[in-house]
Amino acid sequence: ALHLVPVGVAGELHIAGDGLARGYLNRNDLTEQKFIPDPFSSNPAARMYKTGDMVRWLPDGNIEYLGRIDDQVKIRGFRIEIGEIDTVLQQSELVQQAVVVAKDDGNGNKRLVSYIVPNSLFTKEAMVAYLRSKLPDYMIPVLWVNMASLPLNINGKIDKKALPEPDATDLLSNQYVAPRNELETRLAEIWKEILAVERVGINDNFFELGGHSLLVMRLIASIRRELKVELAISAFFELPTIEELANYIKVNQSNAQQELENYDTIKL
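All of the points below concern the structure found in this document. (Residues numbered from 1 in each chain as written. Predicted model: local features only at pLDDT ≥ 70, side-chain atom pairs only at ≥ 80, totals over all residues. Heavy atoms only, no water.)

## Overview of the packing of aromatic side chains
Phase 1: Throughout the structure, instances matching the rule amount to 5 aromatic pairs.
Phase 2: Aromatic side chains Tyr24 and Phe35 sit 5.9 Å apart centroid to centroid with 80° between the ring planes, which places their arrangement in the edge-to-face category. Taken together, the positions of Tyr24 in the loop between strand S1 (11–16) and helix H1 (28–34) and Phe35 in strand S2 (residues 35–37) put the pair 11 residues apart, joining distant regions of the chain.
Phase 3: In this structure Tyr24 comes out as partly exposed when scored by relative accessible area, which is 29%.
Phase 4: Look at Phe35 and you get buried, because its relative accessible area is 10%.
Phase 5: Ring centres of Phe122 and Trp144 lie 6.3 Å apart, and the angle between their planes is 50°; on these two criteria the pair is classed as tilted. Taken together, the residues span a long stretch of sequence, with Phe122 in the loop between strand S8 (110–118) and helix H3 (124–132) and Trp144 in strand S9 (residues 143–146) at a distance of 22 residues. Both residues of the pair, Phe122 and Trp144, belong to the buried class. (Phe/Tyr/Trp six-rings, centres within 6.5 Å; stacked < 30°, edge-to-face > 60°. Helix = DSSP H or I, 4+ residues; strand = E, 2+ residues; numbered from the N terminus. Buried < 20%, exposed > 50% of the residue type's maximum accessible area, 1.4 Å probe, protein only.)

## A look at the nonpolar core
Phase 1: Grouped together as the largest cluster of nonpolar side chains are 25 residues, with contacts concentrated most on Leu187, Trp191, Leu219, Ile223, Phe236 and Leu245.
Phase 2: Per element, the largest residue contribution to this core is 7 residues, and it comes from helix H4 (residues 182–195).
Phase 3: Excluding anything up to four places from it in sequence, Ile223 contacts Leu187, Ile190, Lys228, Val229, Leu231, Phe236 and Leu245.
Phase 4: Counting residues in hydrophobic clusters, the runner-up holds 22 residues, among them Ile80, Val100, Met127 and Tyr130. (Core = buried A, V, L, I, M, F, W, Y, C linked by side-chain atoms within 4.5 Å. Contact = heavy atoms within 4.5 Å.)

## A look at the environment of Lys74
Phase 1: Among the secondary structure elements, Lys74 is positioned in strand S5 (residues 72–75).
Phase 2: A sequence separation of 36 residues divides Lys74 from Lys110, and the C-alpha atoms of the two residues are 7.4 Å apart.
Phase 3: Non-local contacts of Lys74, meaning those with residues more than four positions away in its chain, are made with Arg79 and Lys110.

Structural data, given as structure tokens:
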């Protein structure tokens, strides 16, 4: 909105002054879009260049680069600066290189995927714990792709378009354990459809696979329709694996059946 922001607050970097270029060569349309009137100058002809870079002042007067404005994404209702996650990742001693991108999960939702060149000390658990000490949960990547090196473009920058598509099946943090009975099998089928993944084990965490509160609502509706079971939203946050959820359903169904038998006995 062309207002200065306080120290520590992210904003778009604009450049002005005597050294500013006159515009883009033979690109009048782009020049008009990027070289805008400078509201901070007393000269009405002064211009200011919109860089498209997200930065913030640090208390010591330095400017910290956070990423590109076109890297902004909306995840679970939160607007996120992906460059801010990149910065925190690269400050960790667990990785040599890292970049985060937002990928479509197949259901019209975005999920954060981190591509990393790990150091010898890297583990997913240690990395997630580090990020949680620096960032809110909705900014923690749900998928991690280990690479020997990150692809670069001709300018020496990370080429995000050349990054491979993640395979959620290969990136699960738990060893795969197949469903053991009909209930677990049917729950796994529902999860695969909702989360758009190829395989789900009974110990895999719904939220680590990219689940969130909006998908929980769809899950409740599918379980109600397919299994004729009514579940509270809180159950999914307390029981995020198929094994835990299946046990919860079996116990509650058993209790409900016992209550019905007791009622019939009293009635007789």
